[in-house]
Amino acid sequence: MKDMSTLYEPSQIEMEASRLWNDNKCFSAVAPEEPEVDMRVYTIVIPPPNVTAALHLGHALNNTLQDILIRWRRMQGYNTLWMPGTDHAGIATQTVVEKRLLADEGKRRTDFSRDAFVGRVQAWKDDYEARIIKQLQLMGCSCDWDRTRFTMDEVCARAVRETFSKLFADGLIYRGKRLVNWDPATQTVLADDEVEHESVKGAFWYLRYPLVEPVAFKGGKITYVTVATTRPETMLGDTAVAMNPVDPRAGVLVGKMLRLPIVGRVIPIVADQHVVLPDPESSDEKARFSTGFLKVTPAHDPNDYQIGQRHGLPIVNVMAPDGSISKNFGWIDWDEHDQAHRGLLEEWVLGKDRFEAREAIVEWFRQNKLLEDVRDHVHEVGHSYRSHVPIEPYLSDQWYIAVKEPITGLGEKFGQGLIAGTDVPVNSLAGLALKPLVDGRLRITPERYRRNYQLWLENLRDWPISRQLWWGHRIPVWSKPGEHPNRCEYGTHRQVFQSDSGPVTYLCVKPGFDELEKAMEAEGWVRDNDVLDTWFSSALWPFSTLGWPEPSKDLETYYPGSVLCTAREIITLWVSRMVMMGQYCVGDIPFSDVFIHAMIQDGEGRKMSKSLGNGIDPLDIIDSHGADAMRFALASMTTQTQDVRMPVEPMTLPDGRTVNSSPKFDIGRNFCNKLWNASRFAMGNLENTPVDAIDMEQLQMEDRWILSRLARVSGDVTAQLEAFRFSEPIQTLYRFFWNELCDWYLEFVKPRMRDAQLKPVAQKVLAFTIDASLRLFHPFLPFITEGIYQPLRELCVDRSLGEMAALPDSPYLITAQWPEISQAFVDRELEGRMEMLQSIIRTIRDIRTQYQVAPKTKVTAAIKTQAERVAQLEAGRSLIMLMSGLEVLEIGIGCAKPKNAATAVTGDMEIYVKDVVDVTAEIQRLEKSKIELEKGIGSASGKLANPNFVSRANPEVVQRERERLDQMREQLALIEKNLSDLSDS
């Protein structure tokens, strides 16, 4: 037999198990040459980690859950594929590399050529991708590592070009000048779902705009209007002030002209129903803060943009892409300002950051007596999900995907018309993503996230897919001013769009036409500088990784997949788009189930982050506790709640470093120790275990009980995993192994292991139960279970109990058959009897402990019970005596309490343990307890007799006091009875 170490050493076990699995290609997925009718396939594509940094604890949770699912299905006999890979994460990766270059070399991206900068990012990617893959392997992730993909590798890039070309040809990609979400830090556009809204402490600044000519109103004159704004810096781009047409002042003010302070621009007052009328007493916050006048800045606010469109207002952009105030990006009337105003602008705001400009403008208004008021205001502000800076509404030319445009060619397959209760066409991209959910083909667990998914698609706006970056899939479109014919009928698709300076022809070149691209560029065609949104390539991940658009056995076998396991924040960003593109490109949804796992917070409910110093590095936990202990803790925490808390505490490693850990990992490590030591102890009794099947009629009561429990546990664990429940099965297995197998069954069979006739059956049942337990634990604790299974397999060649309880042998636990124990073993009546016996044994043990009876001292006990229980107790007599350390046991309906006996009650039975009580000492103890109870009863009775307490106290407090009084009276009655019995003895 392979010796098991006396100590559980995670690092050694993990190294040996990993070598075993890798050497024997246990993770590899093999697509059959010919389709197999009865083949069950289970596919998971990994949510590809961003190559921006090493993995954190959230990744450890996500990937542990995926590994549990894939190992479980592999053991069930499925042809499994867990596709690994990483994501280029355009904005995030470019940002971190730019920061590193600036810090280390004092250089910016623009100090390099595009190719040179991309080369630097590629080097970063290679480094972090290797780290990420290593981390995943150390966690025990059983991905098919030979298939590792990257969202910009050749296979995935081919799919990206093909999809873009297909969308372009279908007229779903178009060029448009729109007000977009702009990230001034990364200087790129963001989609709506890449904007995170945060509550920000700000203010309303009340600015006075003078009228060019005073206006008479109600016997007086209006010389200015006051606008309220949370963004004073945008006033530089105001092209009107709007007021509601029902405002009493509208009759005299609409159509009049204002002179914009600082700028000198003359702007009109227009009437628009969008403006909220002022009402200081209103429950509507907008009405309370409103003056009735709204500054209109079409280039810097989406609502103002719409007002500008309705009234034909000029659009003046006063910002550069980095958020600074600039005259070079759409300040169309700059040259029309007189010298005085241009000088004022240059002095006060030009070149300043938007927030510096805000302070300068407010100060100018204050100095010039035009700042009427400042009122504090907390409001929601959109922030970039990557750079975390406030986004800026920004007018920009971008490429878009029309997500609600019906696609004629898809009507026959997917249907036409609107999805019931929505304005979403069935055969639009949004419809392709929504209809499977409505039809029930796509299931989301927990179900509450279904609504998030549906609402997003119902309200989805066209998707801006261009990003102003260098790192990413460059948009495969070439342009040339003017209208030009299609360059190549088969290699390109053509669209003509109107720009500010006239028509522009755009040609999308399909993949595989490299020579055509060179020829076009020689003729003056220019390739688009932008790259595609990262989520565009990620949306293709489930099938691009399998070689689409090229046909293959992999694609035929493993698509569509089975389940996606991810976090809630990318339900819209990623999940919906994968379903959308899977339907559009391949014709089917990429997975049937989506499991949304909880987010890990620290013990105070805060998100884990480096800035807060409350993050936990999974590698630190693997080094200190072992990967299995980490997985145990993470799986135990995974309920179907929204968030889970993990207390964070400092821990000192053997190398002297202090890192963050959590007591939850200690629980996992302690259990792994128990699993190792208990298995080692059990295997010490399994030498020469018979190979032949045993006669099931020879099973003892404890054997039938443990097999009944095992059958129920295996069924429960399977059902729980089917429902994507992870904490329940690990806790179910924990209780079975620790409380039932170790604490009870191993103790029950000890004497039989010393009896040549009784030993074989006990050995077979024990070997079977240990093997089945290891198989059930394996998806959760892969390393330690493989480490125990190997010596168990060597020690016991056949661990089955016959046809009803077969455990086919496997050289590796990872590929062993999942235990499906026959439910014929389940005997609930027997389990109930065993619970009764265990309760009796625990009660007698408690008495022995209370009266400090030495473990080796045999005592005499009696059980007074009902007639119908006598036979059941007699059947368990030997177990009770063995486990309780009894020399004599009397069972009957008329058992009298012996003198000097301790008494206890369990269920409807009275238990007496003879000659353990020191009568004098016990009477003294009981008398003391009686005095304390009488005091407590007196105090509680007095409270409840006080009308003031009963009428004024919280009803729940009064009820608790009544319940407490009842309990004390019951305890007092029992003590008085025991005192009476002791006096009689």
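Residues numbered from 1 in each chain as written. Predicted model: local features only at pLDDT ≥ 70, side-chain atom pairs only at ≥ 80, totals over all residues. Heavy atoms only, no water.

A.B. asks: Mind showing me how you'd approach the overall build of the chain here?
C.D. replies: Helix and strand counts for the chain come out as 31 helices and 32 strands. Principal axes of the C-alpha set define a box for the chain whose edges measure 115 × 85 × 60 Å. Within the chain, the proportion of its 985 residues that are buried is 53%. When the accessible surface of the chain is summed, it comes to about 43,400 Å², and 48% of that surface belongs to carbon and sulfur atoms. For the chain, the centre of its 114 positive side-chain charges and the centre of its 138 negative side-chain charges are spaced 3 Å apart. (Helix = DSSP H or I, 4+ residues; strand = E, 2+ residues; numbered from the N terminus. Buried < 20%, exposed > 50% of the residue type's maximum accessible area, 1.4 Å probe, protein only. Areas by Shrake-Rupley, 256 points an atom, 1.4 Å probe, with all protein chains shown as cover. Lys, Arg positive; Asp, Glu negative; His and termini not counted. Charge placed at Lys NZ, Arg CZ, Asp CG, Glu CD.)

A.B. asks: Honestly, the sheet that holds strand β30 (residues 886-892) in this entry has me stumped. Any pointers?
C.D. replies: Across a sheet, paired strands are connected by hydrogen bonds in the backbone, their directions being either parallel or antiparallel. An order of β30-β29-β32-β31 is seen for the 4 strands of this open sheet, with the pairing classed as mixed. Looking at the sheet topology across the chains shown, the edges are occupied by β30 and β31 (902-906). When strand polarity is set aside, the average angle formed by the axes of neighbouring strands in this sheet is 20°. Bridge count between strand β29 (residues 859-864) and β30: 6 bridges; the pairing is parallel. (Pairing = 2+ DSSP bridges. Axes fitted to C-alpha atoms, helices over the stretch in contact; angles between N-to-C directions.)

A.B. asks: Is there a simple way to explain the sheet that holds strand β20 (residues 502-509) in this structure?
C.D. replies: Reading across from one edge, β19-β20-β18-β21 is the order of the 4 strands in this open sheet, with antiparallel pairing throughout. Taken across any chain shown, the strands that pair with only one partner, and hence form the sheet edges, are β19 (492-499) and β21 (526-527). Pairing between strand β18 (residues 477-481) and β20: 5 bridges, direction antiparallel. Paired with V477 across the bridge in β20 is C508. Sitting on the sheet, helix α14 (residues 514-522) is in contact with β18, β19, β20 and β21, with an inclination near 160° to β20. (Contact = heavy atoms within 4.5 Å.)

A.B. asks: What am I meant to see in the pattern of salt bridges here?
C.D. replies: A side chain with one charge can pair with a side chain of the opposite charge if their charged atoms come near. Counted under the stated rule, the structure contains 58 salt bridges. Close ionic contact of R109 with E98 constitutes a salt bridge, the shortest N to O distance being 3.6 Å. With a gap of 11 residues between them, R109 in the loop between α3 (90-105) and α4 (114-139) and E98 in helix α3 connect regions that are remote in the sequence. Overall, R109 belongs to the buried group, its relative accessible area being 13%. Note on E98: relative accessible area 24%, which makes it partly exposed. Residue E831 pairs with R709 through a salt bridge whose shortest N-O separation is 3.6 Å. (Salt bridge = Lys/Arg side-chain N within 4 Å of Asp/Glu carboxyl O.)

A.B. asks: Teacher, can you tell me more about a nonpolar patch on the surface here?
C.D. replies: Among the surface-exposed residues, V212, M257 and V266 lie close enough to one another that they form a single nonpolar patch of about 210 Å² accessible area. Within the fold, V266 resides in strand β11 (residues 266-271). (Patch = residues over 30% accessible without salt bridge, like charges linked within 9 Å, V, L, I, M, F, W, Y side chains within 5 Å.)

A.B. asks: For this particular structure, what's the right way to read the packing of aromatic side chains?
C.D. replies: In this description, a pair of aromatic rings is defined by centroid distance and the angle of the planes. Inspection of every chain in the model, using the stated rule, returns 34 aromatic pairs. Between F204 and Y206, the ring centres sit 6.4 Å apart and the planes meet at 45°, which makes this aromatic pair tilted. This pair shows no difference in class: F204 is buried, exactly as Y206 is. Ring centres of F632 and F671 lie 5.4 Å apart, and the angle between their planes is 25°; this geometry places the pair in the stacked category. A residue pair is termed long-range when its members are at least 10 positions apart, and F632 in helix α20 (residues 627-637) and F671 in helix α21 (residues 663-683) qualify at 39 residues. For F632, a relative accessible area of 2% corresponds to the buried category. Cluster of aromatic residues (ring-pair linked, three or more members): F164, F168, W399, W463, F497, Y506 and F536. Of note, K125 hangs over the ring of F150, and the distance from its end group to the ring centre comes to 4.3 Å. The ring of W463 carries R577 above its face, with NZ or CZ at 4.0 Å from the centroid. (Phe/Tyr/Trp six-rings, centres within 6.5 Å; stacked < 30°, edge-to-face > 60°. Lys NZ or Arg CZ within 6 Å of the ring centre and 35° of its normal.)

A.B. asks: I keep staring at unusual backbone geometry and nothing clicks. Help me out?
C.D. replies: Glycine aside, residues mostly have negative phi, and peptide bonds are mostly found in the trans state. Between T445 and P446 the backbone carries a cis peptide bond, its omega angle lying at -5°. Mapped onto the secondary structure, P446 falls in the loop between β15 (443-445) and α13 (448-458). The linkage connecting Y559 with the following residue, P560, adopts the cis geometry, with an omega of 0°. Here P560 shows up in the loop between α17 (553-558) and β23 (563-566). The backbone phi angle of K218 is positive, close to 50°, even though this residue is not glycine. In this fold, K218 is placed in the loop between β7 (195-217) and β8 (220-229). For K218, a relative accessible area of 74% gives the class exposed. A positive phi angle, near 65°, is found at N688, a position not held by glycine. Checked against the element boundaries, N688 lands in the loop between α21 and α22 (701-722).

A.B. asks: Would you explain the environment of P654 in this entry?
C.D. replies: Looking at the element boundaries, P654 is found in the loop between β27 (649-652) and β28 (658-661). On the basis of relative accessibility, which here comes to 87%, the residue P654 falls in the exposed class. P654 sits 30 residues away from S624 along the chain, and the two C-alpha atoms are 8.4 Å apart.

A.B. asks: What is the right way to look at the packing of helix α23 (residues 727-749) against helix α24 (residues 759-777) in this model?
C.D. replies: Packed helices, taken two at a time, are described by their axes: the angle between them and the distance between them. Closest axis-to-axis distance for the α23/α24 pair is 11 Å, and the angle between their directions is 165°. In terms of orientation, α23 lies roughly antiparallel with respect to α24. Of the two possible hands of crossing, α23 and α24 adopt the one that is left-handed. Together, I730, L733, Y734, F736, F737, L741, Y745, L746 and V749 of α23 and A762, V765, L766, T769, I770, S773, L776 and F777 of α24 make up the contact between the two elements. For the contact of α23 with α24, a count of residues per class yields 15 nonpolar, 2 polar and no charged. (Parallel < 35°, antiparallel > 145°, perpendicular 65-115°, else oblique. Left-handed = near helix turned anticlockwise from the far one by under 90°. Nonpolar A, V, L, I, M, F, W, Y, C, P; charged D, E, K, R; others polar.)

A.B. asks: Looking at this model, I keep getting lost on the environment of Y209. Mind explaining?
C.D. replies: The topology assignment puts Y209 in strand β7. Classification of Y209 as buried rests on a relative accessible area of 0%. For the pair formed by Y209 and S983, sequence separation is 774 residues and the distance between their alpha carbons is 99 Å. Excluding anything up to four places from it in sequence, Y209 contacts Y224, V225, V227, M235, D238, V241, L258, L260, P261, K295 and F365. In terms of polar contacts, Y209 uses its side chain to reach the side chain of D238, at 2.7 Å. (Polar contact = N/O pair within 3.5 Å; in protein donor to acceptor, adjacent residues only side chain to side chain.)

A.B. asks: Sorry if this is basic, but what is going on with α13 here?
C.D. replies: For an α-helix, 3.6 residues make a turn, and residues three or four places apart therefore share a direction. Within the sequence span of α13, burial applies to Y449, Y453, Q454, L457 and E458. Where α13 is buried, its residues contact α12 (429-439), β15, α18 (571-586) and β24 (593-596).

A.B. asks: Which parts of the structure should I look at to understand a negative patch on the surface?
C.D. replies: Together, E196, E198, E380 and E569 line one region of the surface with negative charge. Looking at where E380 falls in the secondary structure, it is placed in strand β13 (residues 371-384). Take E380: its relative accessible area is 48%, and that puts it in the partly exposed class.

A.B. asks: What is the right way to look at helix α9 (residues 339-348) in this model?
C.D. replies: Those residues of α9 not exposed but buried are L344, L345 and W348. The arc enclosing the buried residues of α9, seen along the axis, measures out at 100°, which places them on a common side. In this structure, α9 carries Q339 and E347 as exposed residues pointing more than 90 degrees from its buried face. Looking at the buried positions of α9, the neighbouring elements they touch are α10 (354-367). At the N-terminal end of α9, a side-chain oxygen is found 3.2 Å from the backbone nitrogen of A340, two or three residues along, and the residue is D338. (Arc of directions from axis to C-beta.)

A.B. asks: Got a minute to help me understand the environment of L455 in this structure?
C.D. replies: With respect to the helices, strands and loops of the structure, L455 is situated in helix α13. A residue is classified by how much of its surface remains accessible, and L455, at 35% relative accessible area, is partly exposed. Linking L455 and T572, residues 117 residues apart in sequence, is a C-alpha distance of 9.7 Å.

A.B. asks: Quick question: what am I supposed to make of the packing of helix α2 (residues 57-75) against α22 here?
C.D. replies: Contact geometry of α2 with α22 gives a least axis separation of 11 Å together with a crossing angle of 125°. For the element pair α2 / α22, the angle class is oblique. Once α2 is placed against α22, the crossing between them reads as left-handed. Judged by residue contacts, I68, L69, W72 and R73 of α2 engage T718, L721 and E722 from α22. Here the contact of α2 with α22 is built from residues that sort into 4 nonpolar, 1 polar and 2 charged.

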